[in-house]
Each structure stands twice: as C-alpha cells, then as structure tokens.
Amino acid sequence: MPGRLSGTAAIAGVFEHPTRWAPDKTELGLVAECARGALADCGLAPRDVDGLATAGISMGPMGVVQVAEYLNLKPRWLDGTNIGGSSFVAHVSHAAAAIAAGLCEVALVVYGSTAASNAFAIGTGGTTGRDPAAAFVGPYGMTTVGSYALVARRHMERYGTTSRQLAEIAVAMRRHASLNPEAKMRRPITVDDVLESRMISEPLHLLDCCIISDGGGALVVTSAERARDLRRPPVLVLGCGEAVAHQELGAPDLLTIAAKQSGAQALAMAGVSHGDVDVCALYDSFTITVLATLENLGFCKPGEGGAFVEGGRIGLGGALPVNPDGGGLSSNHPGMRGIFLVIEATRQLRGACGARQVPGAQVALVHGTGGTLGVLHSGATLVLGRA
Amino acid sequence: MAAAPRRPAPAADWDSRAYWEGAARGELVLQRCRACGSVQHRPRALCGACLSSEIEHFAASGRGAVHTFTVTHQNQAPGFREACPYVLAYVDLEEGPRLLANLVDCEPADVRIGMPVRVAFAPTEGEFPAPVFRPA
C-alpha cells in the first residue's frame, strides 16, 4: 500500500540551462536564470514561490539565504541541505513533506555552477589534510575518482566484473547524448574507445568518468492539486528515501551503497515494483556508480550488475533505459548533478523528449549519490509517476 | 621513477591525537571500548557501537591484507601530481578495522587483493608521520 505522502506533491515545472560553458556568468546568475526558466515552464511567477531549496559547491553555508536575496524572494520554508550531488533529489522529498504539512505551497529547487570555467578539479583534485576528519585521507592522495575506483576494483575481484562491462555504461550514455542537442559530448564512442582512453585511477579510464561542465537547473514542486491547474502535465512524487553509507566502525561492505536503503523505502512508499519502472535517472559520476546503484536498488542481484548492463539493456530501446539525456558521463555535470536527474525523469514522464523519449514512460526512478562512494556518501531516491 | 609524495600534514584534534602521536612513536593506534569490547577506527570521543565514553587506545599489530586498491595515474594536487602512479588501498587490519593508506615499496603492477602487508610510517609536511603499508 502506498505511503501517506505518496502522490501528494508534484513536479510542476523544470528547467535545465542549455549552457555547458559559461565563463561570462556567475553561480548565482545561473541559479536565477534557471529559476526563471522553471517558473516560466509551469506558468508561475516569483510571487507564487513560498519555499526555496538549494545547495552548491562554492556557495557558503548560508547559500539558500543568498539565493533568496538574489531572486528577491521571501520564502517561508527554506532547505539548505547539502549532502553532495544527491542534495536536490532529497530537496524534492523534503519539499513534498513540507507541502503536505502546510509549511509551503510552491517550492523552488535550484542549482547553478561554473565548475568548468572556474577549472574546479572535481575528480582528480585530491583532498587536503587540514581538517581533522580529512587527516585520515589527505596524506594519501585520494581523489574522488580514486574512491570510486576502490569500489570498482573490489567489485571486479569479488564478482569477476570486467572493464568492458563498465565501458558498456559509458557507451550507452554517449549514444543517448548523441540524441540530445544540448549534451556536451555527442560523438558516439565504442567499448574500445573507453578501454583505450587514458587511465585515471585503475580500473577507471578517462571515459569511465563524468565530464565537468558549467550549468544549472531548477524544479518547481507544488501540491498535486495545484499542479493540475498549471501549464504542464504534473509528475507525481510517488515515493522517496534517503540514506548514508560510511566507514561504520571501520570495515563496511564497500559494495553495499546508500541506494539499497533509500531505494527500498522509495519503492515501498510508491507501491511500485521494479518491473513497473520504465526509465531510470541514476547518478553516473563514474561507470561503477551506475553498476553499483542498479544492484543496490535491486534491479539485479549483487554481483550481476556487469551482466545486467551488457547487451544494451540500459540503453534506449532496452529493458531499462538509464539516463536518456546522456547523464553526467556525456551531457551535463557541473559539479553536482542531482537536479538534472529529476529534470530528465520529469521530461520523460511528460513524454516530450523527442528522439530520446522512452515510449509511454509512466514510472521513473531517480537515484542520486553524493560524496565519495568508497568512503562516505549519501543516497536519495525518488519514484515519480504520471498523474 | 615517480617522486615520493609530499603528504599534507594531518591535523590532530582531541579525538585523533592519540592516533597521530602513536604514529610518531611508530605505532598504529586503534581504539577499543572497555564497556563492549568493540574496536573502532576512525577515532572518536565515544564508542560507535554502545556510546560508552570508556575508550582505551592500544597498538595494533600493524599486520593486515589488501582489501582493495587503485593505482592513481592522475592527481592534480601538488605533492601527488609528481608521485603518480602510486597505490591507494584499503587494508583490512588483523584487529578488524580497515585503513585507507598508500602501499609503498612495491611495484603497482604487483599489488593483489588479499596480499599481506605490514604498517610503515611515511613523513608528512607536519609533525606527525602517516601510516602506510608495505608488502609483508
């Protein structure tokens, strides 16, 4: 039976900024342009917004307050939750709960970043040893790619997963991006292209890693009731969940990621089974992220992820299309990607994605991973459905 | 031949001071709860299993086995850029906890999961050295 919150809130407006390179824009400028786009998408005005959520990689801890000023908004509900790239997926579930509780009626979720033009070394920038928690990482030169590579190597050792299988994920995302006019990397690639690309942190090659872009996005979340009167077909929030995975007392199972807990909760709340899911939007920071997420969400058993992604299963036309927009591996990854997962899932459920549309998509599963998979990360899942 | 990394100084605080001071003595220091017996890493003010404050420190054997590893070929951070390729690994300690560290004194191509290793201590840019591992 669906949970109490299921279907009470809807995503009414979305906007993905078309830019992937914006040296002439600021972070807040991008945020504001995205907010304007999402409000225009659903036909609401700034005066209708009474809830605001954001997170960022360069805005300070009071970022949500700064965004309110920049947009000249006076919201009565604020969410500055920052749990990494998954933050915006979590903002949607927080907004749904706030709307159901009457704390706000129209929540704007926004993100913007100039990660690429500011030359942030997101994946291979290393960590500092200055703060006490980082002291256990900083002296060893761990990069973000490196933390995911530790998980990939463990998966290979335990289950015989191959680099070719991981490469299939990158190939599928690039094929999807070739159908998305706004994607940053659109030239199709082969498994051999991935394997022959430069090694970054074994076993992950350059093409196993997401791109770095500038960009931004925004969502308008409101009650299902109000969404029915707006410009676009509402997309209902059917289920949600959040989780963390960390070092526990010192020896966690690296292959059990946060998605296991958050995904189970979201599916149960939605009253939806795996077979009902028509399309997935999964955080693809690295190819291994997708494989581990599919296993932990329960689309296949632990260890079967390598075989699962073979043969075009996660490509358009396959049994479970993942990231029809091309994902972070090929379309858009300005530092934090969670908001784009929700945007693409919503666009797919509206049925207006043109060449990359999953025909007749009724139910979408969104999962964001934030942080470093092998060390400390968060997960946030949404199940979305057509009204 | 890659250069030795220049390791940023680890910052010790009240939770981790015993760990880093142990490293300076050549000991790998872990925490054990006097109330429930749990061994934990990273260090905390209380037991992560039972929340008791009765925490004691002890020197681990320094022996362990590689749980997983990655050979890092690209790190733009100064101090590590010149040290590529180097091996980052999780090491399962005999006492239970798993430590993130580098494997040193071995060819990256020779590293295997399950390989027995032993702790060593590498200098950092600060007063405390950092535990690393070499083939046992």
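Conventions adopted
Numbering of residues starts from 1 in every chain and runs along the sequence as written. To label them, take the chains in the order written and letter them from A, then take the ligands in the order written and number them from 1. For a predicted model such as this one, the threshold for reporting local features is a pLDDT of at least 70, and the threshold for listing and counting side-chain atom pairs is 80 or more; totals across whole chains, interfaces and linings nevertheless cover every residue. Only C-alpha atoms enter the line fits that serve as axes; for helices the fit covers just the stretch in contact. Angles between N-to-C directions range over 0 to 180 degrees. By the criteria applied, helices consist of DSSP H or I runs no shorter than four residues and strands consist of E runs no shorter than two, each listed in order from the N terminus. Comment on the angle field: the value is read as roughly parallel under 35 degrees, roughly antiparallel over 145, roughly perpendicular from 65 to 115, and oblique elsewhere. Note on convention: near helix rotated counterclockwise from far helix by under a right angle means a left-handed crossing. Clockwise means right-handed. Placing C-beta atoms from the backbone, we regard two residues as in contact once those atoms come within 7 Å. Residue burial is a threshold on neighbouring C-beta atoms within 10 Å of the residue's own C-beta, all placed from the backbone, with 20 or more meaning buried, 12 or fewer meaning exposed, and counts in between meaning partly exposed. These domain limits were set by an automatic method or by a database of domain assignments. Put simply, Ala, Val, Leu, Ile, Met, Phe, Trp, Tyr, Cys and Pro go in the nonpolar bin, Asp, Glu, Lys and Arg in the charged bin, and everything else, Gly too, in the polar bin. One fewer than the residue count of a helix, multiplied by 1.5 Å, yields its expected span. DSSP calls a pair of strands paired once it identifies at least 2 bridges connecting them.

### Details of the packing of helix α4 (residues 144-159) of chain A against helix α9 (residues 287-297) of chain A
All names here are of chain A.
- Two elements in contact, α4 and α9, have axes separated by 9 Å at closest approach and are oriented at 55°. One element, α4, and the other, α9, form an angle in the oblique class. The interaxial crossing formed by α4 with α9 has left-handed handedness. When α4 is examined against α9, the residues Y148, V151, A152 and H155 are found in contact with a partner set consisting of I288, T289 and A292.

### Regarding the environment of A380 of chain A
Residues and elements named next belong to chain A.
- Looking at where A380 falls in the secondary structure, it is placed in strand β11 (residues 376-386).
- Taking the C-beta count within 10 Å as the criterion, A380 has 35 such neighbours and is therefore assigned buried.
- Separated by 86 residues in sequence, A380 and L294 have C-alpha atoms that sit 14 Å apart.

### Brief notes about the environment of A35 of chain B
Residues and elements named next belong to chain B.
- Within the secondary structure, A35 is located in the loop between β1 (29-33) and β2 (39-40).
- For A35, a count of 14 C-beta atoms within 10 Å corresponds to the partly exposed category.
- Sequence separation between A35 and C50 is 15 residues, and the spatial gap between their C-alpha atoms is 8.0 Å.
- When residues no more than four places from it in sequence are discounted, the contact partners of A35 are C47, C50, S52 and E54.

### Some remarks on the domain arrangement of chain B
Residues and elements named next belong to chain B.
- Assigned domains within chain B: domain 1 (13-59) and domain 2 (61-136).
- Placing a centre on the C-alpha atoms of domain 1 and another on those of domain 2 gives a separation of 21 Å.
- Between domain 1 and domain 2, the contact holds nine residues from the first and eleven residues from the second.
- Those elements that place two or more of their residues in the side of domain 1 that touches domain 2 are α1 (17-24) and β2.
- Its residues placed into classes, the side of domain 1 that touches domain 2 shows six nonpolar, three polar and no charged.

### Observations concerning helix α5 (residues 163-177) of chain A
- Here α5 of chain A spans 21 Å end to end across 15 residues, near enough to the 21 Å set by a 1.5 Å rise per residue.
- Within α5 of chain A, 13 of the 15 residues are buried, leaving the element largely enclosed by the surrounding structure.

### Some remarks on the pairing of strand β7 (residues 215-223) of chain A
Residues and elements named next belong to chain A.
- Of all nine residues that make up β7, eight are buried, and the element is covered over most of its length.
- Relative to β7, strand β1 (residues 9-16) runs antiparallel, the two sharing seven bridges. Residue pairing for β7: V14 is matched across the bridge by L219.
- Across eight bridges, strand β4 (residues 106-113) lies against β7 in antiparallel orientation. Within β7, the residue paired with A107 across the bridge is V221.

### Looking at the domain arrangement of chain A
Residues and elements named next belong to chain A.
- Annotation of chain A at the domain level lists domain 1 (9-118 + 214-237) and domain 2 (143-209 + 239-386).
- Inter-centroid distance (C-alpha atoms) of domain 1 to domain 2 is 23 Å.
- With 33 residues of domain 1 at the interface, the matching set in domain 2 holds 33 residues.
- Contributing elements (two or more residues each) for the side of domain 1 that touches domain 2: β1, α3 (87-100), β4, β7 and β8 (235-245).
- A per-element tally of the side of domain 1 that touches domain 2 places α3 first, with seven residues.
- In the side of domain 1 that touches domain 2, the residues fall into 20 nonpolar, nine polar and four charged.

### A short note on the packing of α5 of chain A against α9 of chain A
Residues and elements named next belong to chain A.
- Contact pair α5 / α9: the axes reach a minimum separation of 8 Å and the direction vectors enclose 100°. Here α9 runs roughly perpendicular to α5, going by the angle between their axes. Contact residues: L166, A167, I169 and A170 in α5; T287, I288, V290 and L291 in α9.
- A per-class count over the contact of α5 with α9 returns seven nonpolar, one polar and no charged.

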